[in-house]
Amino acid sequence: MMFRICSSLQRSASTAVKEAKRFYSDGAKLVTVTTDDKTGVSTLSLNRPPVNGLNLDLLQSISTALTTLEKSKCRGMILTSDNPSVFSAGLDILEMYKPDPTRVKDFWTTLQDTWIKLYTTSFPTVAVINGHSPAGGCLLALSCEYRIIVGPKNTIGLNETKLGIIAPRWFQDSMRNVIGERQAELALTTGKMFTADEALKVNLVDEVVASKDEATGRAIAFLSQFAKITSTTKKNDKTGVSRGNRQLAPQQQGERFADFPQLHQPAQSPGGTWNVLRISEEEVGQVNNFNLKNIVLS
């Protein structure tokens, strides 16, 4: 077993649901942003203990930070984690268990908006993956132009299949755009978590380094290449040539999809592009029988 959700989550999902309030934001700062005035490079660090689970509050904080950076004419951004062992453990399961209808709509809409906002920034972005990065954490990294992982123990991948879940189509397309159709097919159907070296071999990451400090230095070096490239040129290249953005079109045309995910049952919006997950009442019971310490993320 290469990685287990940290000890504070080592209890059954049903117990976690009963204690749901402790996982929602209490107003604490969920992200921190620092900017180097000389280079214009900002660092956005995720800070939602214990594992940077992507709940509505954290997603809203990321989205707000990205909007602020766009307005500040940011020259580049490093996305990383304040947690030394987890980049992000992915979507917070509590957002998908017997949710409030309004909140769950806001959750999925905000997730999609944040993904697109990160994917289409006018400034270059680098993911410094200084911890394990399964599922939604992998999606955040895939949305950046460049990915640097701290090896050798950290892992990354869309492992939803191993949890009995189908990754949304836009998760899948993000991986296909980076590692290609065949490698993505193998990774998605097996729920593979790549080691740092394996991720490098399939181009899921661009570099493997020994420490976060080294990764940050390499990230700054990459971002410096864009110093003389206009933001408009870079954005057009990112969303056009290098990204093959077929999955972004519905959102740009005003279509929205914020349906509630369920296990095993994929669904599509009327536009036919968004593919999300649903959890039935019966299948939630199956999730409750899981002990999170036994969920293998590799």
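Since the model is a prediction, treat every value here as computed from it, not as a measurement.

Details of the overall build of the protein chain
Piece 1. For the protein chain, the helix and strand inventory stands at 11 helices and 11 strands.
Piece 2. Sorting the 298 residues of the protein chain into buried and exposed places 54% on the buried side.
Piece 3. The long-range fraction of contacts in the protein chain, counting pairs at least 24 apart against all pairs at least 6 apart in sequence, stands at 73%.
Piece 4. Entry remark: accessible area of the protein chain is about 13,200 Å², with carbon and sulfur atoms responsible for 51%.

Some words on the pairing of strand β4 (residues 125–129)
Piece 1. Burial within β4 is extensive, with 5 of its 5 residues counted as buried.
Piece 2. Of the strand pairs in this sheet, strand β3 (residues 76–81) and β4 are connected by 3 bridges, and their pairing is parallel. Paired with Met-77 across the bridge in β4 is Thr-125.
Piece 3. Following the chain from β3 across helix α3 (residues 101–119) to the adjacent parallel β4, one finds a crossover that is right-handed.
Piece 4. As judged from the 4 bridges shared by β4 and strand β6 (residues 146–150), these two strands associate in the parallel manner. Pairing of Val-128 across the sheet is with Ile-148, part of β6.

Comments concerning the packing of helix α2 (residues 56–71) against α3
Piece 1. Contact geometry of α2 with α3 gives a least axis separation of 9 Å together with a crossing angle of 35 degrees. Crossing hand, α2 versus α3: left-handed. Residue-level inspection shows Leu-56, Asp-57, Leu-59, Gln-60, Ile-62, Ser-63, Leu-66 and Thr-67 of α2 in contact with α3, the latter providing Arg-103, Asp-106, Phe-107, Thr-110, Leu-111, Thr-114, Lys-117 and Leu-118.
Piece 2. Among the residues forming the contact of α2 with α3, the class breakdown is 7 nonpolar, 5 polar and 4 charged.

What to know about the pattern of salt bridges
Piece 1. Throughout the structure, instances matching the rule amount to 8 salt bridges.
Piece 2. The partner of Glu-95 in a salt bridge is Arg-103, with the nearest N and O atoms 2.7 Å apart.
Piece 3. Taking the relative accessible area as the measure of exposure, Glu-95 reaches 1% and is therefore buried.
Piece 4. Note that Arg-176 is salt-bridged to Asp-173, the shortest N-O span being 2.9 Å. Pair noted here: Arg-176 and Asp-173 are both in helix α5 (residues 169–179), with a separation of 3 residues, about one helical turn.
Piece 5. Exposure remark for Asp-173: the relative accessible area of 2% places this residue in the buried category.

Examining the confidence of the model for the protein chain
Piece 1. In the predicted model, the protein chain carries a mean pLDDT of 75, and the fraction of residues at 70 or more is 67%.
Piece 2. Within the model, pLDDT remains below 50 along residues 1–27, and this stretch shows 59 contacts once partners closer than five positions in the same chain are excluded.
Piece 3. Confidence drops under pLDDT 50 across residues 249–298; counting only partners more than four residues distant or on other chains, this segment forms 126 contacts.

Considerations on the sheet that holds strand β2 (residues 41–46)
Piece 1. Strand order in the open sheet formed by 6 strands is β1-β2-β3-β4-β6-β9, and the pairing between neighbours is mixed. With partners counted over all chains shown, the strands left at the sheet margins are β1 (31–35) and β9 (207–209), one partner each. Sheet twist, expressed as the mean angle between neighbouring strand axes with direction ignored, is 20 degrees.

Concerning the side chain of Asn-154
Piece 1. Turning to its location among the elements, Asn-154 is positioned in the loop between β6 and β7 (155–157).
Piece 2. According to the relative accessible area criterion, Asn-154 is buried, its value standing at 10%.
Piece 3. In this structure the side chain of Asn-154 is engaged in a polar contact, spanning 2.9 Å, whose partner is the backbone oxygen of Val-150.
Piece 4. Those residues in contact with Asn-154, other than ones at most four positions away along the chain, are Ser-85, Ile-129, Asn-130, Gly-131, His-132, Ile-149, Phe-194, Thr-195 and Ala-196.

Points about the environment of Val-128
Piece 1. For Val-128, the location among the structural elements is in strand β4.
Piece 2. Judged by its relative accessible area of 0%, Val-128 is buried.
Piece 3. Separated by 79 residues in the primary sequence, Val-128 and Glu-207 place their C-alpha atoms 9.8 Å from one another.

Here's the deal with the nonpolar core
Piece 1. Counting 52 residues, the largest nonpolar core has Met-77, Leu-79, Ile-156, Met-175 and Leu-204 as its most contacted members.
Piece 2. For this core, the element with the highest residue contribution is α3, accounting for 8 residues.
Piece 3. Apart from the residues within four sequence positions on either side, Ile-156 is in contact with Ile-129, Ser-133, Cys-138, Ala-141, Ile-149, Lys-192, Met-193, Phe-194, Ala-199, Leu-204 and Val-205.
Piece 4. If you look at the next biggest cluster of nonpolar residues, it comprises 13 residues, including Val-41, Val-126, Val-128 and Ala-219.

Notes on the environment of Arg-48
Piece 1. Residue placement: Arg-48 occurs in the loop between β2 and α2.
Piece 2. Judged by its relative accessible area of 6%, Arg-48 is buried.
Piece 3. A sequence separation of 18 residues divides Arg-48 from Leu-30, and the C-alpha atoms of the two residues are 5.2 Å apart.
Piece 4. Among the polar contacts made by the side chain of Arg-48, one reaches the side chain of Asp-92 at a distance of 3.1 Å.

Rules used throughout
- Residues numbered from 1 in each chain as written.
- Predicted model: local features only at pLDDT ≥ 70, side-chain atom pairs only at ≥ 80, totals over all residues.
- Heavy atoms only, no water.
- Helix = DSSP H or I, 4+ residues; strand = E, 2+ residues; numbered from the N terminus.
- Buried < 20%, exposed > 50% of the residue type's maximum accessible area, 1.4 Å probe, protein only.
- Contact = heavy atoms within 4.5 Å.
- Areas by Shrake-Rupley, 256 points an atom, 1.4 Å probe, with all protein chains shown as cover.
- Pairing = 2+ DSSP bridges.
- Right-handed = clockwise from strand over helix to strand, strands pointing away.
- Axes fitted to C-alpha atoms, helices over the stretch in contact; angles between N-to-C directions.
- Left-handed = near helix turned anticlockwise from the far one by under 90°.
- Nonpolar A, V, L, I, M, F, W, Y, C, P; charged D, E, K, R; others polar.
- Salt bridge = Lys/Arg side-chain N within 4 Å of Asp/Glu carboxyl O.
- pLDDT = per-residue confidence, 0-100.
- Polar contact = N/O pair within 3.5 Å; in protein donor to acceptor, adjacent residues only side chain to side chain.
- Core = buried A, V, L, I, M, F, W, Y, C linked by side-chain atoms within 4.5 Å.

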